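Read off the chains here:
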Amino acid sequence: MKTVRVRDVVIGEGVPKVCVPIVEKKLEDVVLAAGNLKASGADVAEWRIDWFDDGYETDKVVEAARRIREVLKEVPLLATFRTAGEGGVKEINVQQYIDLYLALIHSGYVDLIDVELFFDEEAAKYLVAEAHKEGVCVIASNHDFENTPEKAEMFRRVEKMIELGADIPKIAVMPRKMEDVMVLLIATYEMSHNLADRPIITMSMSKEGVISRFSGEFFGSALTFASIGKESAPGQIEAGNLKKMLTQIHEIIS
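These figures come from a predicted structure and were not determined experimentally.

Observations regarding the packing of helix α3 (residues 94–107) against helix α4 (residues 121–133)
What describes two packed helices is the angle between their axes and the distance between those same axes. Between α3 and α4, whose axes approach to 10 Å, the crossing angle comes to 10°. With respect to their mutual orientation, α3 and α4 come out roughly parallel. Here V94, Y97, I98, Y101, L102, I105 and H106 of α3 lie close against α4, whose contacting residues are A123, Y126, L127, E130 and A131.

A look at empty space enclosed by the protein
Considering all chains together, one arrives at 2 cavities of 30 Å³ or more under this definition. Considering only enclosed or pocket space, the second largest cavity measures out at about 30 Å³ in volume. P16, S212, R213, F214, G216, S221, L223, T224 and L246 are the residues that line the second largest cavity.

Looking at the nonpolar core
Among the nonpolar cores identified, the biggest contains 62 residues, and W47 and I113 are the most heavily contacted of them. Considering each element in turn, this core owes the most residues, 7 residues, to α3. Residue contacts for W47: discarding those within four places in its chain leaves I22, V30, F52, V61, A64, A65, I68, L77, L78, A79 and T80. Ranked by size, the runner-up nonpolar core spans 19 residues in total, among them I11, C137, M174 and I201.

Side note on the environment of L242
Counting through the fold element by element, L242 comes out in helix α8 (residues 239–253). Residue classification places L242 among the buried residues on the basis of a relative accessible area of 0%. Here the alpha-carbon distance between L242 and V15, two residues 227 residues apart in the chain, equals 11 Å. Residues within four places of L242 in sequence aside, it is in contact with V18, R213, F214, T224, F225, A226 and I237.

What to know about helix α2 (residues 58–72)
For α2, spanning 15 residues, the distance from its first C-alpha to its last is 21 Å, which sits close to the expected 21 Å at 1.5 Å a residue. Burial in α2 covers these residues: V61, A64, A65, R67, I68, R69 and L72. Contacts made by the buried residues of α2 are with β3 (17–22), α1 (27–40), β4 (44–48), β5 (77–80) and α3. Following α2 by one or two positions, K73 adopts a phi angle in the positive range, close to 60°.

Topic: the pairing of strand β7 (residues 137–144)
β7 sits mainly inside the fold: 8 of its 8 residues count as buried. A two-sided burial pattern is seen for β7, the buried positions comprising C137, I139, S141 and H143 on one face and V138, A140, N142 and D144 on the other. With 5 bridges joining them, strand β6 (residues 112–116) and β7 adopt parallel strand pairing. Within β7, the residue paired with V115 across the bridge is A140. Regarding the hand of the β-α-β motif, the stretch spanning β6, α4 and β7 is right-handed. Sheet topology note: the β7/strand β8 (residues 168–173) ladder contains 6 bridges and is parallel. Residue pairing in the sheet places H143 in a bridge with A172 of β8. In the classification by handedness, the crossover that spans β7, the intervening helix α5 (residues 151–164) and the parallel β8 is right-handed.

Topic: the packing of aromatic side chains
Applying the stated criterion to the full structure yields 4 aromatic pairs. Pairing Y97 with F119 gives two aromatic rings, centres 4.5 Å apart and planes at 45°, and the pair type is tilted. Of the two residues, Y97 is situated in helix α3 and F119 in the loop between β6 and α4; the sequence distance between them amounts to 22 residues. What makes Y97 buried here is its relative accessible area of 1%. In textbook terms, an aromatic cluster arises when at least three aromatic residues are bridged by ring pairs, as seen for Y97, Y101 and F119. Looking at K170, its charged tip hangs above the ring of F225, at a distance of 4.2 Å from the centre.

Conventions and cut-offs
- Residues numbered from 1 in each chain as written.
- Predicted model: local features only at pLDDT ≥ 70, side-chain atom pairs only at ≥ 80, totals over all residues.
- Heavy atoms only, no water.
- Axes fitted to C-alpha atoms, helices over the stretch in contact; angles between N-to-C directions.
- Helix = DSSP H or I, 4+ residues; strand = E, 2+ residues; numbered from the N terminus.
- Parallel < 35°, antiparallel > 145°, perpendicular 65-115°, else oblique.
- Contact = heavy atoms within 4.5 Å.
- 1 Å grid on protein atoms, 1.4 Å probe; cavity = no way out; pocket = protein on both sides within 12 Å on 5 of 7 lines; lining within 4 Å.
- Points joined across faces, edges and corners; volume = space filled by probe spheres on them.
- Core = buried A, V, L, I, M, F, W, Y, C linked by side-chain atoms within 4.5 Å.
- Buried < 20%, exposed > 50% of the residue type's maximum accessible area, 1.4 Å probe, protein only.
- Expected span 1.5 Å × (residues − 1).
- Pairing = 2+ DSSP bridges.
- Right-handed = clockwise from strand over helix to strand, strands pointing away.
- Phe/Tyr/Trp six-rings, centres within 6.5 Å; stacked < 30°, edge-to-face > 60°.
- Lys NZ or Arg CZ within 6 Å of the ring centre and 35° of its normal.

Here it is, written out as structure tokens:
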């Protein structure tokens, strides 16, 4: 499997990396959360722009990204506008989505962007190409808050993300029974070994799927999402505890 290096963080080797989302509405709270995140030892920060009160205002978003970058120093920053259709808190139209991401790509403040696979295919292709021109990595994502798709469908979605040119495909699904969690874990293992030539991220949400958040080194998910205070998705573990768990697992199996 190829790895993806973002600043000093190598995604796809060793202990799965821990990403903590910033989910605050006001600028000063966003900056404060970035400081808490850095102190936690998280590997990657995700800024959820859809939570931000000024998330539609491009200039204010770029200024906020600058402030976050000042605090994070060398911690990689993933910029995400999660749409309402995939669990976000705001609606957004295609042109707003493109303009927002283009401004962040060209700002120099973000290291990765999250582009939703099914939001708009042409927008996704364009943003991947523009991000790569500026050396910004792309996570292509799909979030299913209703069900866990069949394994073949998860393969299809990851294949489409790879065709899109994403550096890291990401699938998040909702289990309705424990068997769904096993389907996700088996699919992750098979995709990481037989399909993806790049790191992949998968997770099964809610308390039923919590095992997927700390078993990535067994099954092939290269990054996991944790929380400091507010969760951005159901089932996230506190960042410090998750880091300890992942390190202990790594030591046991190494």
